[in-house]
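# Commentary on secondary and tertiary structure
The chain contents come next:
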Amino acid sequence: SMKPNETEPSFFTKIWRNRKKILSGLGNRIFKTRRIEKMAAARAAIGNVCPDIDRDGSRCLVPLTQPCCGLCGCSLALLQRSPDSECEAGKWGKEK
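Values in this document were obtained by computation on a predicted structure and should not be read as measured data.

### Re the packing of aromatic side chains
- A full pass over the atoms with the stated rule returns 1 aromatic pair.
- Both rings, one in F11 and one in F12, keep their centres 5.0 Å apart while their planes meet at 80°; by these two values the pair is edge-to-face.
- A residue is classified by how much of its surface remains accessible, and F11, at 34% relative accessible area, is partly exposed.
- Note on F12: relative accessible area 64%, which makes it exposed.

Okay, structure coming up:
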């Protein structure tokens, strides 16, 4: 949540701040493991019924990466495969 006089971070700022999580999700999307895919499937089951899911891409941070989270704009394919990421709405947390 932002403070009253705070502005929304730029696209590049968001990418830079989350670069390790993005790279982790991307790597885990390419080089699949049973553990990560099990985690991603559990997260996807929650995300698929979430009212904040963006299926048409209008709220995706990066164009053409839908479905994505309508709150943070992250591609679900990467977000759900990043163990250090957590749901913006608090529906699932970081993996240990």
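### Quick word on the nonpolar core
- Grouped together as the largest cluster of nonpolar side chains are 7 residues: I53, C69, C72, L76, L79, C87 and W92.
- Here I53 is in contact with G47, N48, R59, P67, C68 and L76, once residues within four sequence places are set aside.

### Focus on helix α3 (residues 34–47)
- With 14 residues, α3 extends 20 Å between its outermost C-alpha atoms, agreeing within 8% with the 20 Å of an ideal straight helix rising 1.5 Å per residue.
- All of the buried residues in α3 are I36, M39, A40, R43, A44 and G47. Buried positions in α3, seen along its axis, are confined to an arc of 135° and lie on one side of it. Exposed and facing more than 90 degrees away from the buried side of α3 are R34, R35, K38 and A45.

### Quick look at the side chain of R81
- For R81, the position within the fold is in the segment after α4 (76–79).
- Its relative accessible area of 10% is what places R81 among the buried residues.
- Beyond its immediate stretch of four places on either side in the chain, R81 contacts S24, G25, N28, R29, K32, I36, E37, M39 and A40.

### Remarks on the state of the cysteines
- Summed over all chains, the structure comprises 1 disulfide.
- Linked covalently through their sulfurs, C60 and C68 form a disulfide whose S-S length is 2.1 Å. Judged by the torsion about the S-S bond (-100°), the C60/C68 disulfide is left-handed.
- Cysteine C50 is unpaired, with the sulfur of C87 as its nearest cysteine sulfur at 6.1 Å.
- Judged by its relative accessible area of 14%, C50 is buried.
- Left without a disulfide partner, C74 is nearest to the cysteine sulfur of C72, which lies 3.4 Å away.
- Here C74 falls in the partly exposed class, since its relative accessible area comes to 24%.

The rules behind these values
Residues numbered from 1 in each chain as written. Predicted model: local features only at pLDDT ≥ 70, side-chain atom pairs only at ≥ 80, totals over all residues. Heavy atoms only, no water. Phe/Tyr/Trp six-rings, centres within 6.5 Å; stacked < 30°, edge-to-face > 60°. Buried < 20%, exposed > 50% of the residue type's maximum accessible area, 1.4 Å probe, protein only. Core = buried A, V, L, I, M, F, W, Y, C linked by side-chain atoms within 4.5 Å. Contact = heavy atoms within 4.5 Å. Helix = DSSP H or I, 4+ residues; strand = E, 2+ residues; numbered from the N terminus. Expected span 1.5 Å × (residues − 1). Arc of directions from axis to C-beta. Disulfide = S-S within 2.5 Å.

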